[in-house]
Amino acid sequence: MPLIKTKKELDLKLNSHSSDKKLGLVPTMGALHKGHMALIEKAISENDLVVVSIFVNPTQFNNTEDLKKYPRDLSKDLELIDRYNQEVIVFAPSVEEIYDENVRPKRYDFNDLDKVMEGEFRDDHFNGVGTIVEQLFDIVKPDNAYFGEKDFQQLCIINKLVETQDIPVHIIPCPIVRENNGLAMSSRNERLSKEMRLKAGFIYRTLQTAKKKFGTKSALKIKEWVKNQFLKEDDFTLEYFEIADIETLNPLKRKVKNKKYRAFIAVYADDVRLIDNIALN
Ligand code: PAF
């Protein structure tokens, strides 16, 4: 499996393939897990050639400590990808290769999709995501690009990016992959103790109960209930729980027929920040 570190090499490699081949891109920050593997396998099944990018993007971290602690293991990632017979190109550039000297996010207008939830608690996070994803689209020029629904707000932002910047790529959303206890797969789970990782199934169980309540209770009542569940739990600190319209991400005030809603949550388990979400209707 070819490992490519520069834009120039990648360009050469991609140019050596005929232009009528379908090209898929799976952008990642490495520390690959089964969630990523599901994206890669879907990309392989729908394209002739797949690029997996591995790049821990500094401009989307609002917290330097979080960036420092983000798990990195390129050789393990390469081993995992090596199992696929079909050609998968790994693009793992350095920070300088992507940003030169200017390690700063661009500014975007995401029509306020970036002002709530993750955007409220992580300054500039989505400008950083937009900056790297736009660059990757420009470098790879994929027909299809694959993103997990665990980062549902990110998915909305990327759809908006593609629309406003007029980028010719299909964004393919992929369902959340979960550990046996329901915990959403995430590279950050590696930083949890074994005990905490097991206990963290509590987050998804709470989302499932919130979903059950959604049929009969108001958003306000459900939010109160979730808050109370976390107040009773010493192991977790709730950062936010929100029920939002999946188009605008505006918090739900009054249900509107035919609109779709999702519940979103961010929780600290020790010093590890975990997010998850669930479709409500
Ligand atoms: O979801 C991620 O891992 C990252 O936000 C992405 C899309 C690879 C951009 O750095």
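Residues numbered from 1 in each chain as written. Predicted model: local features only at pLDDT ≥ 70, side-chain atom pairs only at ≥ 80, totals over all residues. Heavy atoms only, no water.

If you look the chain up in an unreviewed UniProt entry, it shows as Pantothenate synthetase from Maribacter cobaltidurans. UniProt, in the comment section headed Function (unreviewed entry), describes the chain in these words: "Catalyzes the condensation of pantoate with beta-alanine in an ATP-dependent reaction via a pantoyl-adenylate intermediate." The UniProt entry for the chain carries this comment under Sequence similarities (unreviewed entry): "Belongs to the pantothenate synthetase family." (UniProt positions renumbered as here; feature names shortened; annotations may be inferred.)

**Q** Is there a simple way to think about the packing of helix H7 (residues 125-140) against helix H8 (residues 152-164) in this case?
**A** The relative placement of two packed helices comes down to the angle between their axes together with the axis-to-axis distance. One way to put it is that H7 packs onto H8 with a least axis distance of 10 Å and a crossing angle of 55°. Here H7 is positioned oblique relative to H8, judged by the angle of their axes. When the axes of H7 and H8 are compared, the crossing they make is right-handed. Facing Phe126, Val129, Gly130, Val133, Glu134 and Phe137 of H7, the residues of H8 in contact are Gln153, Gln154, Ile157, Ile158, Leu161 and Val162. In terms of residue class, the contact of H7 with H8 is built from eight nonpolar, three polar and one charged. (Axes fitted to C-alpha atoms, helices over the stretch in contact; angles between N-to-C directions. Helix = DSSP H or I, 4+ residues; strand = E, 2+ residues; numbered from the N terminus. Parallel < 35°, antiparallel > 145°, perpendicular 65-115°, else oblique. Left-handed = near helix turned anticlockwise from the far one by under 90°. Contact = heavy atoms within 4.5 Å. Nonpolar A, V, L, I, M, F, W, Y, C, P; charged D, E, K, R; others polar.)

**Q** Is there a simple way to explain the UniProt feature "binding site: beta-alanine" (unreviewed entry) in the chain in this structure?
**A** The positions UniProt marks with the feature "binding site: beta-alanine" (unreviewed entry) are Gln60. Not counting chain neighbours up to four residues away, the residues in contact with Gln60 comprise Met29, Arg122, His125, Gly128, Val129 and Ile132. There is a polar contact of 2.9 Å between the side chain of Gln60 and the side chain of Asn57. (Polar contact = N/O pair within 3.5 Å; in protein donor to acceptor, adjacent residues only side chain to side chain.)

**Q** Just checking my understanding: could you explain the site of the ligand for this structure?
**A** All residues adjacent to the ligand are Pro27, Thr28, Met29, Asn57, Gln60, Ile132, Phe147, Asp151 and Gln154. In this structure, an oxygen atom belonging to the ligand sits 2.7 Å away from a side-chain N or O atom of Gln60. A distance of 2.6 Å separates an oxygen atom of the ligand from a polar atom in the side chain of Gln154. (Near = heavy atom within 4 Å.)

**Q** Which parts of the structure should I look at to understand the environment of Phe55?
**A** Looking at where Phe55 falls in the secondary structure, it is placed in the loop between strand S3 (49-54) and helix H3 (64-69). Residue classification places Phe55 among the buried positions, given a relative accessible area of 6%. Distance in space between the C-alpha atoms of Phe55 and Ala279 is 29 Å, their sequence separation being 224 residues. If we skip the residues at most four places from it in the chain, Phe55 touches Thr28, Met29, Pro93, Ser94, Val95, Ile98, Tyr99 and Ile132. (Buried < 20%, exposed > 50% of the residue type's maximum accessible area, 1.4 Å probe, protein only.)

**Q** Looking at this model, I keep getting lost on the pairing of strand S6 (residues 170-174). Mind explaining?
**A** Side-chain positions along a regular strand alternate between the two faces of the sheet. In this structure, strand S5 (residues 144-148) lies alongside S6, joined through five bridges in parallel fashion. Looking across to S6, one finds that Ala145 is bridged to Ile171. (Pairing = 2+ DSSP bridges.)

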